[in-house]
Amino acid sequence: MSLTEAQAKEKVIVALDVPTRAEALDLVERLYNEVGAFKIGMQLYNAEGPDIVRDIQARGGKVFVDLKFHDIPNTVAEATRVITRRRAAIMTLHAGGGLKMLSAAAASARETAEAMGVEKPLVVAVTVLTSISQQEFEEEIGIKRPIAEQVITWAKMAQQAGLDGVVASPKEIADIRKACGNDFAIITPGIRPLWAAANDQSRIMTPKEAVEAGATYLVIGRPITAQENQVEAARKIVAEIMEANI
Ligand code: C5P
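A brief report on the enclosed structure follows. All figures in this text were calculated on a predicted structure; none of them were measured in a lab.

Attention now goes to the overall build of the protein chain. On a plain count of helices and strands, the protein chain comes out with 12 helices and 8 strands. Long-range contacts, defined here as pairs at least 24 residues apart, represent 67% of the contacts in the protein chain between residues at least 6 apart. Each charge class in the protein chain can be summarised by its mean position, and for the 28 positive and 32 negative side chains these summaries are 3 Å apart.

This is the structure:
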């Protein structure tokens, strides 16, 4: 089976890794018709403030608010309420905050969305950051087991807590899909079409490979944003996703 153009577009999330509101909104205006959502991270959110979410939405874009919350359960639940009220489509927290923190966030998003009569954001967990090496994981963080195993443990814990999915590197997709089933979102960065530069990403997959491995959404930055013709780059990626055999 293959995806329709609308389904393929829905899978593409553009990472707005730019420092200013003007640059971010310029990208949104060009691309809102070509992709499913836009990811804002802590750089843009902290530089421009929460109104950036509203500004993107006003231009027709769905927003993935990637702030990776990690605090005591009550604080994370209240912050999740705020992000839900802002009508984010997706938001993130650290699985390392534990089951109680994840459960509190999941409940808060559900209750807030229900009370407002709006769609709940997908609340997803970040497991082990891909910047962490096995040695750092054991010696600095103090967890003495293979990262790949911990990723699965935390993905299952996120699911048990009522979260909607996880962020994972392309190589982790297949194992998480096996452990957590089909009704669990897997959002993956590290995507590089064959025609794009790898930049600083090392464990990469093409859009087609990632979708075939079981990714629900692809977070794509420079292969779209650093191209001269960003609309054309997005369209090429959507066409590649439509070729995936799933
Ligand atoms: O430009 P590029 O496609 O590499 O952007 C990928 C995006 O995904 C960036 O916003 C980056 O911070 C994010 N990301 C990542 N690897 C992770 C987690 C997030 O590349 N493990």
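Text resumes after the structure shown.
Further remarks concern the site of the ligand. If you check the shell around the ligand, you find A15, D17, K39, T130, P189, R192, Q201, V219, I220, G221, R222 and P223 and nothing else. A distance of 3.2 Å separates an oxygen atom of the ligand from a polar atom in the side chain of K39. Taking G221, its main chain carries an N or O atom lying 2.8 Å from an oxygen atom of the ligand. For the ligand, whose accessible area on its own is 460 Å², the fraction buried by protein is 78%. Put simply, the parts of the chain that give the shell around the ligand at least two residues each are β8 (217-220) and α11 (222-225). Among the residues forming the shell around the ligand, the class breakdown is 5 nonpolar, 3 polar and 4 charged.

Attention now moves to the pattern of salt bridges. A complete count under the given rule lists 15 salt bridges for this structure. K62 is paired through a salt bridge with E10; the nearest N and O atoms lie 2.9 Å apart. One end of the pair, K62, is in the loop between α4 (51-58) and β3 (63-69); the other, E10, is in helix α1 (residues 5-10), and 52 residues separate them in sequence. Of the charged contacts in the structure, one is a salt bridge between K208 and E212, with a shortest N-O distance of 3.5 Å. Of the two residues, K208 and E212 both sit in helix α10 (residues 207-213), 4 residues apart, roughly one turn of that helix. Judged by relative accessible area, which is 30%, K208 ranks as partly exposed.

Turning next to unusual backbone geometry. Trans peptide bonds make up the majority, and among non-glycine residues the majority have a negative phi. Not every positive phi belongs to a glycine, and K68 is a case in point at roughly 45°. The topology assignment puts K68 in strand β3. Here the phi dihedral of R87 falls at roughly 65°; this positive angle occurs in a residue that is not glycine. Mapped onto the fold, R87 is located in the loop between α5 (73-85) and β4 (90-94).

Next up on the list: the nonpolar core. One finds L16, L93 and I176 to be the most contacted residues of the largest nonpolar core, which totals 68 residues. Among the elements that take part in this core, helix α8 (residues 147-160) stands out by supplying 7 residues, more than any other. Aside from chain neighbours lying at most four places away, what touches L93 is K68, F69, V76, T80, M101, L102, A105, V123, V124, A125, V126 and L163. A15, F64, V126 and V219 belong to the second largest nonpolar core, which has 11 residues in total.

With that settled, the discussion passes to the packing of helix α2 (residues 21-31) against helix α12 (residues 230-242). Running from N to C, α2 and α12 point in directions that differ by 55°, and their axes come no closer than 9 Å. It follows from the interaxial angle that α2 and α12 lie oblique. Crossing angle aside, the handedness with which α2 passes α12 is right-handed. Side by side, α2 and α12 meet where L27, R30 and L31 of the first sit next to Q230, V231 and A234 of the second. Looking at the contact of α2 with α12 residue by residue, the classes come out as 4 nonpolar, 1 polar and 1 charged.

Across the two faces of strand β2 (residues 37-40) the burial is the same, with A37 and K39 and F38 and I40 all buried. Note: strand β1 (residues 12-15) against β2, 3 bridges, orientation parallel. Of the residues in β2, the one forming a bridge with I13 is A37. Note on the crossover from β1 through α2 to β2: the handedness is right-handed. Pairing of β2 with β3, which is carried by 3 bridges, proceeds in the parallel orientation. Each bridged residue has a counterpart across the sheet, and for K39 the counterpart in β3 is F64.

If you check α5, its first and last C-alpha atoms are 18 Å apart, about what 13 residues at 1.5 Å a residue would give, namely 18 Å. Those residues of α5 that sit buried are V76, A77, T80, I83 and T84. Down the axis of α5, the buried side of the element spans an arc of 125°, and every buried residue falls inside it. Tucked into the core, α5 has its buried residues touching α3 (42-48), β3, β4 and α6 (99-116). Taken from the residues just after α5, R87 is the one with a positive phi, measuring 65°.

Procedures and definitions
Note on numbering: residues in each chain are counted from 1, in written sequence order. Thresholds applied to this predicted model are a pLDDT of at least 70 for local features of residues and 80 or more for the giving and counting of side-chain atom pairs; totals over whole chains, interfaces and linings are not thresholded and use all residues. For side-chain calculations, the full set of non-hydrogen atoms in the structure is used, while hydrogens and water are omitted. Starting at the N terminus, helices and strands are each numbered in turn, a helix being any DSSP run of H or I of at least four residues and a strand any DSSP run of E of at least two. We call two residues in contact when some of their heavy atoms are within 4.5 Å. The convention is simple: Lys and Arg are positive, Asp and Glu are negative, and His and the chain ends are not counted. To locate a charge, take atom NZ for lysine, CZ for arginine, CG for aspartate or CD for glutamate. The near set for a molecule or strand comprises every residue that places at least one heavy atom within 4 Å of it. Here a polar contact means two N or O atoms within 3.5 Å. Within protein one must be a hydrogen donor candidate and the other an acceptor candidate, and residues neighboring in sequence count only if both atoms are side-chain atoms. In this description, accessible areas are obtained by the Shrake-Rupley approach with a 1.4 Å probe, and a residue is regarded as covered only by the protein chains that are shown. Gly falls in the polar group here, along with every residue not listed as nonpolar (Ala, Val, Leu, Ile, Met, Phe, Trp, Tyr, Cys, Pro) or charged (Asp, Glu, Lys, Arg). Salt bridge, as used here: a side-chain nitrogen of Lys or Arg that lies within 4 Å of a carboxyl oxygen of Asp or Glu. Classification of residues uses two cut-offs on accessible area relative to the type maximum, computed with a 1.4 Å probe and protein chains only: under 20% is buried, over 50% is exposed, and between them is partly exposed. Among buried residues, those of type Ala, Val, Leu, Ile, Met, Phe, Trp, Tyr and Cys that are joined through side-chain atoms within 4.5 Å constitute a nonpolar core. Inter-axis angles, ranging from 0 to 180 degrees, are taken between N-to-C directions of lines fitted to C-alpha atoms, where helices are fitted over the stretch in contact. An angle below 35 degrees is treated as roughly parallel, one above 145 as roughly antiparallel, one from 65 to 115 as roughly perpendicular, and anything else as oblique. Working rule for handedness: look at the near helix, and if it is turned counterclockwise from the far one by less than a right angle, call the crossing left-handed; if clockwise, right-handed. Strand pairing is assigned whenever DSSP detects at least two bridges linking the two strands. Seen with its strands pointing away from the viewer, a crossover is right-handed if its path from the first strand over the helix to the second goes clockwise. Here the expected span of a helix is defined as 1.5 Å times the quantity of residues minus one. Directions pointing from the helix axis toward each C-beta atom define the arc.

So far we have only geometry, and geometry alone does not tell us how the molecule works.
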